[in-house]
Amino acid sequence: MDAMRKIELLAPAKNAEIGIEAIRHGADAVYIGPPAFGARAAAGNSIEDIKRLCDFAHLFGAAVYITFNTILYDNELVEAERMIQQLYEVGVDALIVQDLSLLKMALPPIALHSSTQMDMTNVEKALFIEKMGFSQIVLARESSIDEIRKFYDAVNIPLEGFIHGALCVSYSGRCYVSEACFGRSANRGRCAQFCRLSFDLIDATGRIIEKDKHLLSLQDMNRSASIEEMMDAGISSFKIEGRLKDLNYVKNVTAFYRQAIDKVIDKRQNDYCRTSYGVSTYNFTPNLSKSFNRGFTEYFLHGRSKVHNFSTPKARGEFVGTVERSNRDAFYLEEDVNIAAGDGLCFLNSFGKLEGFRINKIVNGAIFPGRSVRIPRGAKIFRNLDIKFDAMLQKNSAERKIQIEITFNETSEGFSITIADEQGHKIAKDFALEKTIANTPQRENIIKQLSKWGNTIFSVKTFRFNTEEYFIPSSILSTWRREMEQLLIEEHQIKYQRPQRRQTAKDSTYYTQELDYTANVSNHLAKDFYAEHGVNHIAPAFEIKPPQSPTLMTCRHCIRYALGHCPQRHSSPLFWKEPLYLQSSDGKRFRLKFDCAKCEMQVLQS
């Protein structure tokens, strides 16, 4: 094991308010969309809101990353360069980027991180990106523990890995089906969620193998059981997906992973430490199953397993019980479950579709739905809305405190207060005041008044009282305390140091001399950049010039494997004639191609 490595919990933020709550609930860093050029077009934020988030996060040594990760068109380059300058001026710590045209711009020295849209699946690309001055590399979601180790052994900058949230079925950055079918580019932040649609699976003879199934829809990632293993393999930044997720989701999931990561750090204090500081306490018990999920998968972290959910792309939530019996008005569960009126439940009906309803009331174990619904005996019931849990999260559900030590001394002209916090920030100030010997004991009141930091981000751990007991009015003590709070905040702001962009190696050659449309080169600066680094043939991005007969998706998920007919792993004979096709409800067909050597499936335009 190398020297102590810093571990980061990276949480999503749809807006500044959610970002602030993510920090309160334990995030070491948050990622948030800029006013434009982010890969979630519906999650843009103003420069002013981003500044507010930066100001709050930096008090805890936490970072703010901007998802500047769309591909850019030529007519957007000037505006992109201007916006990056604005983001740097308001305190942003790093840009998460896909388009390497940025390396040809006159940018401030802002740190750069690779986006998941860069499709980081080979070590050669990672080595090149490191030489280009990037400070952090996010690995493809599909990466296994062994693949993570290979990257860690090769590069010398932190590795970022997804740990929780929704999954794209295609390798990120290599999905063009939304653009091809709907004119909405995933590389431009406008994914139409094609993979969540239902399809028929048809063979070469027209035989329907699967009818009206969500054959490309995956479960959600949950790697909470493998945190320590991922750390040891080389992951330093643990990323939660979800820049479109709501406040309650971010609160709950961030708090859960904060506690889980801290358990490992506490056990391995010689190996790992946090990247930010301040202790978060919660008014609820975090529970991943209570937030939006389609069922959970570790997604290739330990090899192939079930990753799909063909029945539904909707949130299933937590399993609560099995139906013991039912009648026209109510049903009973085999288990004694703590559910309440207003909860949302769901089950797979006789058509194999997820059907949901709200609970109207519960009487002596009988559960009465809010509408007429037929639920057969033996049905598995899930709760996708826990009304009481959500109500807790709607309130102030966490606070994050920095511990301080106060020393109160006497001076010739009055008194002095010195404050030091857990990270070594230190302030001191003298207060002139005529001294008046107290008639009654004052020590307790002085300590009490100077320790009233309840509504701030600070918490008094130790108080040293080094003076005689003089009378000091409580109003004056409160004024002193507020002045010291402002000085301490200013000290945090002054001492916070943003990372700077790393130097670029001048002798770097790209690892291949030809780039096809999957390199997503959409402007002249990106083209010039690759040409300068040894690339001879550069095809335009799909969005600029769609190629003939393109591969629209490249997936590690395999429908043949999911149906139990992988020629490498299953012995059951095929009962269909290939090629296979996905057919959508509007009659469009997409041919499936199976590359068993790479253990991948491709979705092609028919």
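Located above this text is the structure these notes cover.
Residues numbered from 1 in each chain as written. Predicted model: local features only at pLDDT ≥ 70, side-chain atom pairs only at ≥ 80, totals over all residues. Heavy atoms only, no water.

The next point concerns the overall build of the chain. In terms of helices and strands, the chain carries 13 helices and 30 strands. A compact globule built from 606 residues should have a C-alpha radius of gyration of about 25 Å, and the chain, at 28 Å, falls within 12% of that. Its C-alpha atoms give the chain principal-axis dimensions of about 100 × 75 × 45 Å. Per-residue burial for the chain yields a buried fraction of 55% across its 606 residues. Here the contacts in the chain between residues at least 6 apart in sequence split such that 70% fall between residues at least 24 apart. Carbon together with sulfur atoms contributes 46% to the accessible area of the chain, which is approximately 26800 Å² in total. (Helix = DSSP H or I, 4+ residues; strand = E, 2+ residues; numbered from the N terminus. Rg over C-alpha atoms; globule rule 2.2 N^0.38 Å. Buried < 20%, exposed > 50% of the residue type's maximum accessible area, 1.4 Å probe, protein only. Contact = heavy atoms within 4.5 Å. Areas by Shrake-Rupley, 256 points an atom, 1.4 Å probe, with all protein chains shown as cover.)

Another aspect to go through is helix H4 (residues 123-131). Where H4 is concerned, the buried positions are Lys 125, Ala 126, Phe 128, Ile 129 and Glu 130. If you check the start of H4, you find a side-chain oxygen 3.3 Å away from the backbone N of Glu 124, and it comes from Asn 122. The first or second residue beyond H4 is Gly 133, which carries a positive phi of 90°. (Polar contact = N/O pair within 3.5 Å; in protein donor to acceptor, adjacent residues only side chain to side chain.)

As a further point, take the environment of Leu 515. As for its placement among the helices and strands, Leu 515 is situated in strand S25 (residues 514-515). Leu 515 sits in the buried class, given a relative accessible area of 7%. Linking Leu 515 and Asn 536, residues 21 residues apart in sequence, is a C-alpha distance of 8.3 Å. Excluding anything up to four places from it in sequence, Leu 515 contacts Tyr 510, Tyr 530, Val 535, His 537, Ile 538 and Ala 539.

To continue, consider the packing of aromatic side chains. Applying the stated criterion across every chain yields a total of 26 aromatic pairs. For the ring pair Phe 284 and Phe 389, a centre distance of 6.0 Å and an interplane angle of 80° mean the geometry is edge-to-face. Of this pair, Phe 284 sits in the loop between strand S13 (279-282) and strand S14 (296-297) while Phe 389 is found in helix H9 (residues 387-394), placing the two residues 105 residues apart along the sequence. Comparing Phe 284 with Phe 389, the two get one shared label, buried. Arg 498 extends its terminal NZ or CZ atom over the ring of Tyr 88, reaching a point 4.0 Å from the ring centre. The lysine or arginine in question, Arg 556, covers the ring of Phe 300, its NZ or CZ lying 5.9 Å from the ring centre. (Phe/Tyr/Trp six-rings, centres within 6.5 Å; stacked < 30°, edge-to-face > 60°. Lys NZ or Arg CZ within 6 Å of the ring centre and 35° of its normal.)

The alternating pattern of strand S29 (residues 589-595) places Phe 590, Leu 592 and Phe 594 on a buried face and Arg 589, Arg 591, Lys 593 and Asp 595 on a face that is not buried. Examined bridge by bridge, strand S28 (residues 580-583) and S29 share 4 bridges and lie antiparallel to one another. Along S29, the bridge assignment pairs Gln 583 with Arg 589. Taking the residues that link successive antiparallel strands as the turn, the S28-S29 hairpin has 5 residues, and the phi of Gly 587 there is positive, at about 90°. The hairpin turn running from S29 into strand S30 (residues 600-605), its antiparallel successor, is 4 residues long, and Cys 599 in that turn takes a positive phi close to 60°. (Pairing = 2+ DSSP bridges.)

Next up on the list: the nonpolar core. Counting 109 residues, the largest nonpolar core has Phe 68, Leu 95 and Phe 408 as the members making the most contacts within it. Looking at this core element by element, the count peaks at 8 residues for helix H8 (residues 247-267). Filtering out sequence-adjacent residues up to four positions away, Leu 95 remains in contact with Ile 66, Phe 68, Ile 84, Leu 87, Leu 102, Ile 110, Ala 111, Leu 112 and His 113. Of all hydrophobic cores here, the second largest spans 38 residues; its members include Leu 216, Cys 558, Cys 566 and Leu 582. (Core = buried A, V, L, I, M, F, W, Y, C linked by side-chain atoms within 4.5 Å.)

With respect to the element layout, His 425 can be found in the loop between strand S22 (414-421) and strand S23 (426-432). In contact with His 425, not counting residues within four places along its chain, are Tyr 277, Ile 419, Ala 420, Leu 488, Glu 491, His 492 and Lys 495.

A separate point is the sheet that holds S29. Spatially, S9-S8-S28-S29-S30-S27 is the arrangement adopted by the 6 strands of the open sheet, whose pairing is antiparallel. Each edge of the open sheet carries a strand with a single partner, namely strand S9 (208-213) and strand S27 (551-555). Here the strands of the sheet are splayed against their neighbours by 20° on average, with no regard to which way each runs. Sheet analysis places strand S8 (residues 199-202) next to S9, joined by 3 bridges and oriented antiparallel. (Axes fitted to C-alpha atoms, helices over the stretch in contact; angles between N-to-C directions.)

Residues of helix H5 (residues 145-154) that are buried include every one of Ile 145, Ile 148 and Phe 151, and no others. Each buried residue of H5 sits inside an arc of 120° when the element is viewed along its axis, so together they form one side. The exposed set on the far side of H5, more than 90 degrees from its buried face, consists of Asp 146, Lys 150 and Asp 153. On the buried face of H5, the contacting elements are H4, strand S7 (159-165), helix H7 (227-233) and strand S11 (235-240). (Arc of directions from axis to C-beta.)

In terms of burial, strand S1 (residues 5-13) is largely enclosed, as 8 of its 9 residues are buried. As defined by bridge partners, S1 adjoins strand S12 (residues 272-274) across 3 bridges and the pair is classed as parallel. Note on S12: the bridge partner recorded for Ile 7 is Arg 274. Relative to strand S2 (residues 29-32), S1 runs parallel, the two sharing 4 bridges. Bridge pairing in S2 links Leu 10 to Ala 29.

Geometric descriptors of this kind do not, in isolation, establish any biological role.
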